[in-house]
Amino acid sequence: AATANLRASVGVGSKRSPRPPPARPTGAGAVESPKLTQLRAPLAADVQRFEAIEYGGGLAELCEAADACRAFVPAGAEASQPVLGKADTTTVEYLKALRGAAGWSTFALDTLVAGTASRAGCSPRAVAASVRASSSISLEADMLHGGDVSRVLGVVQAELLVGTLSEAAAVLRQLEVALRNHEVSVLRVENRFQEGFDVYTHGGVRGVCLYLVGGALDVVVEVMVQLLSVKKAQLERAGGGASDEASLEARSLRYRAAKAQLRD
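For the structure given in this document, a descriptive report is provided here. Values in this document were obtained by computation on a predicted structure and should not be read as measured data.

Bringing the side chain of Glu222 into the picture now. Position of Glu222 among the secondary structure elements: in strand S5 (residues 217-227). For the buried residue Glu222, which engages in no salt bridge, the nearest side chain bearing the opposite charge is Arg192, 5.3 Å off. Not counting chain neighbours up to four residues away, the residues in contact with Glu222 comprise Leu109, Gly154, Val156, Gln157, Ala158, Cys209, Leu210 and Tyr211.

Take a look at the structure:
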């Protein structure tokens, strides 16, 4: 029923202008491996579906609000989950301990998200926090982090869905207030609307993702500020499993290429 209600609420009409095709990134990691180039083919349909969405104005405002949140990321912050139970973070026992701690954090994240939504003044739709499946966590750990589960940050995920980029900026400004008041801390801010962001490594899905910890949050959690129209495209996407795995593999290859170039 919740999914049906969400489907009915998305696609709010507004004046929007077409977006250009995604630009491939420049700088570290810009040279693609043949494998990464091959992965663009199975991801192309998803990327085209999401890039057909017209976002309208407000991009500069959104980027400014995302940068304001990013300013609270501590220098040298360790982007990993806390030490739980056994020290070996590649074990099944650690994964169980992490999901157990994550379960306690869902209520705290729901409270934070609900408070943010009520203060934003644009009536964003909050999607309840949930703990990712063990199989999904393990897959990301294996493909991106050499099996180290503690490096998977989005173990608990919540969404704030809005109609426009300006509304997304309003939500981010309220999250900035929570950061300024030390209610939570932020370890990473990922602005997937930013120019040059390689949407292929995230299956074409755009949004602003914040990884938060501290306060009543026992683990690092993920809050995605996303457009209703993007969520609608996700819900309507057929299947998704194969393209999701291809997206993870593309991201892994991109990260490894960037690290190798930095070492050089």
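Our next topic: the packing of helix H4 (residues 92-120) against helix H6 (residues 165-180). One can describe the packing of H4 onto H6 by two numbers: an axis separation of 9 Å at closest approach and a directional angle of 125°. Taken together, the axes of H4 and H6 are oblique relative to one another. The handedness of the crossing between H4 and H6 is right-handed. Contact with H4, carried on its side by Leu112, Thr116, Arg119 and Ala120, involves Ala170, Val171, Gln174, Leu175 and Ala178 of H6 and no other residues of that element. Here the residues of the contact of H4 with H6 sort into six nonpolar, two polar and one charged.

Where burial is concerned, most of strand S4 (residues 208-214) is hidden: five out of the seven residues are buried. Examined bridge by bridge, strand S3 (residues 185-191) and S4 share six bridges and lie antiparallel to one another. From the neighbouring strand, Arg188 faces S4, where its bridge partner is Tyr211.

Another point: the side chain of Glu176. Residue position: Glu176 is located in helix H6. The residues touching Glu176, leaving out its near neighbours within four places in the chain, are Ala68, Cys69 and Phe72.

So, on to the pattern of salt bridges. Evaluated as defined, the whole model comprises six salt bridges. A salt bridge links Arg70 to Asp67, with the nearest nitrogen and oxygen atoms 2.5 Å apart. Pair noted here: Arg70 and Asp67 are both in helix H3 (residues 59-70), with a separation of three residues, about one helical turn. Taking relative accessible area as the criterion, Arg70 reaches 27% and is therefore assigned partly exposed. Put simply, Lys231 and Glu159 hold a salt bridge, and the shortest N to O gap is 3.0 Å. Placement of Lys231 in helix H7 (residues 228-236) and of Glu159 in strand S2 (residues 156-162) is noted, with a sequence separation of 72 residues between them. The buried category is assigned to Glu159, whose relative accessible area is 14%.

Moving on, we get to the sheet that holds strand S1 (residues 125-131). Taken in spatial order, the five strands line up as S1-S2-S5-S4-S3 in an open sheet, and their pairing is mixed. The open sheet is flanked by S1 and S3, the only strands paired with a single partner. Direction aside, the axes of adjacent strands within the sheet are offset by 15° on average. Pairing of S2 with S5, which is carried by seven bridges, proceeds in the parallel orientation. Bridge assignment links Val162 to a residue of S5, and that residue is Leu227. Its contacts with the sheet put H4 on S1, S2, S4 and S5, and the angle it makes with S5 is roughly 45°.

Analysis parameters
- Just so you know, the residues in each chain are numbered from 1, in the order the chain's sequence is written.
- At least 70 in pLDDT is required for a residue's local features to be given in this predicted model, at least 80 for side-chain atom pairs to be given and counted, and no such filter applies to totals for whole chains, interfaces and linings, which use all residues.
- Note that water and hydrogens are dropped before the side-chain values are worked out from all heavy atoms of the structure.
- Under the DSSP-based scheme used, a helix requires at least four consecutive residues in state H or I and a strand at least two consecutive residues in state E, with every element numbered from the N terminus.
- Exposure categories follow from relative accessible area, calculated using a 1.4 Å probe and restricted to protein chains: below 20% of the type maximum is buried, above 50% is exposed, and the middle band is partly exposed.
- Working convention for charge: Lys and Arg count positive, Asp and Glu count negative, and His plus the chain ends are omitted.
- For salt bridges, the criterion is a side-chain nitrogen of Lys or Arg within 4 Å of an Asp or Glu carboxyl oxygen.
- We call two residues in contact whenever any of their non-hydrogen atoms come within 4.5 Å of each other.
- Between N-to-C directions, angles cover 0 to 180 degrees, with each direction set by a line fitted to C-alpha atoms, over the stretch in contact for helices.
- Each angle gets one of four labels, with under 35 degrees taken as roughly parallel, over 145 as roughly antiparallel, 65 to 115 as roughly perpendicular, and the rest as oblique.
- Helix crossings fall into two classes, left-handed where the near helix is turned counterclockwise from the far one by less than a right angle and right-handed where it is turned clockwise.
- For this classification, the nonpolar set comprises Ala, Val, Leu, Ile, Met, Phe, Trp, Tyr, Cys and Pro, the charged set comprises Asp, Glu, Lys and Arg, and every other residue, Gly included, is treated as polar.
- We call two strands paired when DSSP finds no fewer than two bridges between them.

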